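What follows is each chain in one-letter form.
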Number of protein chains: 2
Amino acid sequence: MTFGIIKYMFSFEIQATDGEARTGKLVTPHGVIETPSFVAVGTQGIVRAVCAEDLEATGVQAIIANAYHLHLQPGEELIDEMGGLYRFMGWEGPLMTDSGGFQIFSLGAAKEHGVGKIASIFPEVSDLGGHFNSKKKDRLVEIDEDGATFISYLDGSRHRFTPEGVVALQNKLGADIMLILDECTSPLHDYAYTRRAMGRTHRWARKALDAHQRHSEKAQALFGIVQGGAYQDLRETSALFMAQQDFDGYAVGGSLGKSKDDMHRVLEWTVPLLPHGRPRHLLGIGKMEDIFEVVMRGIDLFDCIAPTRMAETGTVFSREADRYAMHLLNARYREDSSPIEAGCGCVACRRYSRAFLRHLFAVGEPSAIRLAAVHNFCFLESMMKEIRQAIKEGRIEALKKEWSVPQW
Amino acid sequence: MTFGIIKYMFSFEIQATDGEARTGKLVTPHGVIETPSFVAVGTQGIVRAVCAEDLEATGVQAIIANAYHLHLQPGEELIDEMGGLYRFMGWEGPLMTDSGGFQIFSLGAAKEHGVGKIASIFPEVSDLGGHFNSKKKDRLVEIDEDGATFISYLDGSRHRFTPEGVVALQNKLGADIMLILDECTSPLHDYAYTRRAMGRTHRWARKALDAHQRHSEKAQALFGIVQGGAYQDLRETSALFMAQQDFDGYAVGGSLGKSKDDMHRVLEWTVPLLPHGRPRHLLGIGKMEDIFEVVMRGIDLFDCIAPTRMAETGTVFSREADRYAMHLLNARYREDSSPIEAGCGCVACRRYSRAFLRHLFAVGEPSAIRLAAVHNFCFLESMMKEIRQAIKEGRIEALKKEWSVPQW
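Residues numbered from 1 in each chain as written. Chains lettered and ligands numbered in written order. Predicted model: local features only at pLDDT ≥ 70, side-chain atom pairs only at ≥ 80, totals over all residues.

Draft legend 1. Region of interest: the environment of Leu282(B). Checked against the element boundaries, Leu282(B) lands in strand β13 (residues 280-282). Sequence spacing of Leu282(B) and Asp155(B) is 127 residues, and the spatial spacing of their C-alpha atoms is 32 Å. (Helix = DSSP H or I, 4+ residues; strand = E, 2+ residues; numbered from the N terminus.)

Okay, here's the thing in structure tokens:
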């Protein structure tokens, strides 16, 4: 069905279901995403170490960039002048922009609670010791009813994000799919705070939707975000609230609890309450062991930095490896003249042996990361193709067993 | 004419000369190098940040890898087991291996004299402070009549290079063109030492040639290296000595003095004494301002890390820039939606603006270096094409004036 605010250039057709899992086509102005689909993380307008043409060759269908990072550097005004994010970054396929809610959370509560992904996402923050520290009075972010004020990790400048402002920011960027500004909570926030934050996210959601309906001129879709932490009644309330708003799609965000089981429960509480005919995105999740779990709970899109992050440490996916992961620096690959995975058509497997790739990691050659990341994306795309086919054939359970991805 | 020891798979045909400059075809078992030609530096078996297929797309004709580095890591035995350097590194075109003479020099005299490229070539050495320092008693290399003994910068292990051993090492690597082990001297070495070292290099040259004639089984060529520092009589003696040996080609190496003028004089003393019909390689030289100078003094091949080293600092070549060099981090490129150079067909220029590339450098994205390096190679290849054409047309002087490359 076509849907929502932008009816003419977006549509989502579910072609088959298998339990909660669905497969379909999400049509955007810049192309079709066959779902369920992995979305590559291109925070700064590029996937780390992997250019747009590399990514096209892997079969990756969509990228998610980050409005917060692009706002700080190089700034949405510049990107707008350059013809928008599409022209700027040279990517021609479907593109999403995350709102920055998670990044603001990382500067605030996650830092105070010592949780979240701050160390990995903001390596720079840990260098700010001289200017800011994690004492409450020096916090980098203040959240109020109307938005969030935060300090740039780059230069200490002050910035203000509001729900309306973040839609306007994303209008300038011009991605196919935008996300609303939300307030993320940490697993250490109590019920009362999580509930208050959720209420604020809901009020922000209305403001964002209103701004979008009035001001978005380009063909862009806007996704709501379900919050509520790991509390069942809050998650259900949030999912029902968001479902009542005419968003083009729905993301599940914020704290997903402290374990994989918690995360699975959050999906089981929320996904069934979301409109069946709209796409559902799980934010920041997608390690290999998560993929079957989230797809089989009704998720259509998910993003995760795992393919590049693993590549940076010399880890590549392979059906030929124990637990599907091969750490190339391991001595066992020293004299291994095989490609990472026989039959893989990626640039790394077509031309280079595990031994050579190991050598590149050993000598600190930057191409090592690119080759490993390109392979990892190819691998995931091939896995996702199998998953989509299995859903069409009603055999997703069987495929999951065949893969038997370890929970590590 | 075909030539030298390996007559059946190597030939060098000079198609035109213009003053001392020559243009021709150097045929090797892995393809033809149109000369004069830039040779890309692939020390570790890969050109920094640029994969083999990237390099092919730029038109780069040949790579020079380094026997010293590959001996230390991953070792010639491993590469031999993997089917040789060609299969290992996935490069299918003409390939040279440098002998490691310069690297041994860098560990010894260059370090003691505080000269040479040690800081840039061996960043690791400066980290060895705890184990080794630059006091003479702790020197990392000892040269004797039969070879050089040195300590690995990686693990402190001892290694021995002899003229015959380095041929055997390069036989295992299997590049089309090998270089003899030489003893490089520094500009601070006096006449007497430079003369002694030259004599040793000459004796080593005979041993290397002898080993090559007896033991090289693959179709590999061996180039001699002219030494003699910046002393005219030594350079002439060395060139005449090398010319009398039946090398397949000749390199000019060692100290080229303290200035560009010194380097030009060294070429003027030596190149006319080398056999006209054999290729001549200038080792480690090839910044843009050097190219016309060395080609017009009769050099056919040269190698230099400039294209990648400049790329690492955000500097790209462009006919549209002052002095042909554009520092992308400069604020003037912030809003510049043009490609680095209009009409350039490289992956960077086809798809990305200067503003986007600047952004990639600003955020520390590894793809920035790859894109800039690929462009720089494309640029140099296009310059070299112009140079070859101009030699054919007898207008190299005029082309040099058109380019008017600044001496910076």
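Draft legend 2. Up close: the environment of Val374(A). Residues and elements named next belong to chain A. Its location among the elements puts Val 374 in helix α16 (residues 367-392). A tally of 28 C-beta atoms within 10 Å means that Val 374 is categorised as buried. Spatially, the C-alpha atoms of Val 374 and Thr 201 are 36 Å apart, while their sequence positions differ by 173 residues. (Buried ≥ 20, exposed ≤ 12 C-beta atoms within 10 Å, placed from the backbone.)

Draft legend 3. The interface of chain B and chain A, seen in detail. Facing 36 residues of chain B, the contacting portion of chain A comprises 36 residues. Those elements giving two or more residues to the side of chain B that touches chain A turn out to be α1 (52-58), α3 (76-81), α4 (84-89), α14 (347-351), α15 (354-362) and α16 (366-392) of chain B. Classifying every residue of the side of chain B that touches chain A by side-chain character gives 20 nonpolar, eight polar and eight charged. (Contact = placed C-beta atoms within 7 Å. Nonpolar A, V, L, I, M, F, W, Y, C, P; charged D, E, K, R; others polar.)

Draft legend 4. Representation of unusual backbone geometry within the structure. Following Gln73(A), the chain continues into Pro74(A) via a peptide bond in cis, with omega recorded as 10°. With respect to the helices and strands, the residue Pro74(A) is situated in the loop between α2 (67-72) and α3 (76-81). Omega for the bond connecting Thr35(B) with Pro36(B) falls within 30 degrees of zero, at -5°, which places this linkage in the cis form. Take Pro36(B): it is sitting in the loop between β3 (31-35) and β4 (37-41). Phi at Ala49(A) is positive, roughly 70°, even though this residue is not glycine. Examined against the element boundaries, Ala49(A) turns out to sit in the loop between β4 (37-41) and α1 (52-58). Of note, Tyr324(B) is a non-glycine position whose phi angle comes to about 65°, a positive value. Along the chain, Tyr324(B) turns up in the loop between β15 (315-317) and β16 (325-327). The class for Tyr324(B) is buried, based on 20 C-beta atoms found within 10 Å.

Draft legend 5. Main features of the relation of the copies chain B and chain A. For the pair chain B and chain A, the superposition axis carries a translation of 0.0 Å, the fit reaches an RMSD of 0.0 Å, and the rotation angle comes to 180°. Here the copies are linked by what is in effect a two-fold axis. The position closest to the rotation axis in chain B is occupied by the C-alpha of Pro366(B), lying 3.5 Å away. (Least-squares fit on C-alpha atoms with pLDDT ≥ 70 in both.)

Draft legend 6. How the structure looks around the pairing of strand β6 (residues 95-98) of chain A. Residue and element names in this part refer to chain A. Covered by surrounding structure in β6 are Leu 95 and Thr 97 together with Met 96 and Asp 98, the residues of both alternating faces. Alignment of strand β5 (residues 63-66) against β6, held across four bridges, turns out to be parallel. Bridging across to β6, Ile 64 finds its partner in Met 96. As defined by bridge partners, β6 adjoins strand β10 (residues 177-179) across two bridges and the pair is classed as parallel. Bridged to Thr 97 within β10 is Met 178. (Pairing = 2+ DSSP bridges.)

Draft legend 7. Region of the structure containing the nonpolar core. Ala348(A), Leu357(A), Ala348(B) and Leu357(B) are the most contacted members of the largest nonpolar core, which has 265 residues in total. Beyond its immediate stretch of four places on either side in the chain, Ala348(B) contacts Ile340(B), Leu357(B), Leu371(B), Ala372(B), Val374(B) and His375(B). (Core = buried A, V, L, I, M, F, W, Y, C linked by C-beta atoms within 7 Å.)

Draft legend 8. Fine view of the sheet that holds strand β9 (residues 158-161) of chain B. Residues and elements named next belong to chain B. Judged by pairing direction, the sheet is antiparallel, and its three strands sit side by side in the order β7-β8-β9 without closing on themselves. The open sheet has two edge strands with one neighbour each: β7 (141-144) and β9. Going from strand to strand, the sheet's axes swing by 15° on average, the running direction of each strand aside. Sheet analysis places strand β8 (residues 147-151) next to β9, joined by four bridges and oriented antiparallel. By the bridge assignment for β9, Ile 151 is matched with Arg 158. (Axes fitted to C-alpha atoms, helices over the stretch in contact; angles between N-to-C directions.)

Draft legend 9. Fine view of the domain arrangement of chain A. Residues and elements named next belong to chain A. According to the domain assignment, chain A consists of domain 1 (38-304) and domain 2 (311-401). Between domain 1 and domain 2, the contact holds 15 residues from the first and 17 residues from the second. Among the secondary structure elements, those contributing two or more residues to the side of domain 1 that touches domain 2 are β4, α1 and α12 (288-295). Looking at the side of domain 1 that touches domain 2 residue by residue, the class counts come to 12 nonpolar, two polar and one charged. (Domains from an automatic or database assignment.)

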